[in-house]
Amino acid sequence: MRRSALFTAILLAAAVSAFPQAKQSKPKSKNEVTAIQAMMAAQDPNAQIKAADELITKFADTEFKAIALYVEANAYAQLGNSEKAIVYGEQTIDADPKNYQAQVLVAKMYAQTTKPTDLDKNEKLGKITKFANDALESLKTAEKPNPQIPDAEWTGIKNDFVGQAHFALGI
């Protein structure tokens, strides 16, 4: 399992399990908690997309919107649908401008799909540079999503994202 996938699981588990301690995100009802838990429990990308979409649709004012959008973006990336991964990744960044996971994902998706013959190649290259550099900046001040993560493991997770951002820049 890749560190980024592991980190996503840790982040989402922390979001669900740490409701009382959550500084920013708190569910507003038991039904919202159930929808968040369903999203967390979804095992395959299609189920993750469905559960995240249901959370966003049923609870339009949820404070977990950025997490749900990232879950969808990541699931579409796993399915090989880079266009939808980019759309949901950019929506994640709109909802949470410091979401380095989404910034890295979008940069990688653009990097992997931009061809030398694309008419909008320069625009896409600019987006790769912007999102990758934004991720590198966000990672400098990123806090552990769960204080129980050992410092060495957190450093490794951050370094993995740094490497992925540089990978996108390098492509």
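S.K.: Could you clarify how one ought to interpret the overall build of the protein chain in this entry?
M.R.: On a plain count of helices and strands, the protein chain comes out with eight helices and zero strands. When the helices and strands of the protein chain are listed from N to C terminus, the series reads α-α-α-α-α-α-α-α. By the burial criterion, 47% of the 171 residues in the protein chain qualify as buried. Residue pairs in contact within the protein chain that sit at least 24 positions apart in sequence constitute 61% of those at least 6 positions apart.

S.K.: Please clarify how the nonpolar core should be interpreted in this entry.
M.R.: Across soluble globular proteins, you tend to see nonpolar side chains buried next to one another. By size, the foremost hydrophobic cluster in this structure holds 44 residues, and its most contacted members are Met39, Leu55 and Tyr100. Broken down by secondary-structure element, the contributors of at least two residues to this core are helix H2 (30-41), helix H3 (45-58), helix H4 (65-79), helix H5 (82-95), helix H6 (100-113), helix H7 (121-140) and helix H8 (151-170). Sorting elements by how many residues they give to this core places H6 first, with nine residues. In this view, Met39 contacts Ala51, Ala52, Leu55, Ile67, Ala68 and Val71; residues no more than four positions away in its chain are not counted.

S.K.: Can you walk me through the confidence of the model for the protein chain in this structure?
M.R.: In regions of low pLDDT, the predicted coordinates are not meant to be interpreted in detail. This prediction gives the protein chain a mean pLDDT of 87; 86% of its residues lie at or above 70. Taken together, the stretch residues 10-23 has pLDDT below 50 and engages in 23 contacts with residues farther than four places along the chain or on a different chain.

S.K.: Please clarify how the side chain of Lys158 should be interpreted in this entry.
M.R.: Of note, Lys158 is situated in helix H8. No salt bridge is formed by the buried Lys158, whose closest oppositely charged neighbour, Asp151, lies at an N-O distance of 9.5 Å. Other than its neighbours up to four places away in sequence, Lys158 contacts Leu139, Lys140 and Ala142.

S.K.: Explanation requested: the side chain of Lys108 in the structure shown.
M.R.: Within the element layout of this structure, Lys108 appears in helix H6. The charged side chain of Lys108 is buried without a salt bridge, its nearest counter-charge being Asp160 at 7.2 Å. Looking at Lys108, its side chain comes within polar contact range of the side chain of Gln164, at 2.6 Å. Sequence-distant contacts of Lys108, defined by excluding residues within four places in its chain, comprise Gln164 and Ala168.

S.K.: Help me understand the packing of aromatic side chains, please; the structure alone is not making it clear to me.
M.R.: Aromatic ring pairs are described here by two measures, namely the spacing of the ring centres and the angle between the planes. Applying the stated criterion across every chain, the model contains two aromatic pairs. An angle of 15 degrees between the planes, with centres 5.5 Å apart, marks the rings of Tyr76 and Tyr88 as stacked. Taken as a pair, Tyr76 in helix H4 and Tyr88 in helix H5 lie far apart in primary sequence, twelve residues in all. Across the pair, exposure class does not vary: Tyr76 and Tyr88 are buried alike.

S.K.: Explanation requested: H4 in the structure shown.
M.R.: An α-helical turn contains 3.6 residues, so any two residues separated by three or four positions project in the same direction. End to end, H4 covers 21 Å across 15 residues, agreeing with the expected 21 Å (1.5 Å per residue, within 8%). Most of H4 sits inside the fold, with eleven of its 15 residues counted as buried. Residues of H4 that are buried: Ala66, Ile67, Ala68, Leu69, Tyr70, Val71, Glu72, Ala73, Asn74, Ala75 and Tyr76. Gly80, located one to two residues past H4, shows a positive phi value of around 85 degrees.

S.K.: Is there a simple way to think about the pattern of salt bridges in this case?
M.R.: A side chain with one charge may pair with a side chain of the opposite charge, provided their charged atoms come close. The full count for this structure, using the stated rule, is eight salt bridges. Residue Glu54 is joined to Lys50 by a salt bridge in which the shortest nitrogen-to-oxygen separation is 3.9 Å. Placement of the pair is Glu54 and Lys50 together in helix H3, with a separation of four residues, close to one helical turn. Its relative accessible area of 55% is what places Lys50 among the exposed residues. One salt bridge connects Lys140 with Glu137, and the closest N-O pair in it is separated by 2.8 Å. With Lys140 and Glu137 both in helix H7, this residue pair falls three residues apart, about one helical turn. A residue is classified by how much of its surface remains accessible, and Glu137, at 47% relative accessible area, is partly exposed. Via salt bridges that share partners, Asp118, Asp120 and Lys124 belong to a single interconnected network.

Conventions we followed
- Residues numbered from 1 in each chain as written.
- Predicted model: local features only at pLDDT ≥ 70, side-chain atom pairs only at ≥ 80, totals over all residues.
- Heavy atoms only, no water.
- Helix = DSSP H or I, 4+ residues; strand = E, 2+ residues; numbered from the N terminus.
- Buried < 20%, exposed > 50% of the residue type's maximum accessible area, 1.4 Å probe, protein only.
- Contact = heavy atoms within 4.5 Å.
- Core = buried A, V, L, I, M, F, W, Y, C linked by side-chain atoms within 4.5 Å.
- pLDDT = per-residue confidence, 0-100.
- Lys, Arg positive; Asp, Glu negative; His and termini not counted.
- Salt bridge = Lys/Arg side-chain N within 4 Å of Asp/Glu carboxyl O.
- Polar contact = N/O pair within 3.5 Å; in protein donor to acceptor, adjacent residues only side chain to side chain.
- Phe/Tyr/Trp six-rings, centres within 6.5 Å; stacked < 30°, edge-to-face > 60°.
- Expected span 1.5 Å × (residues − 1).

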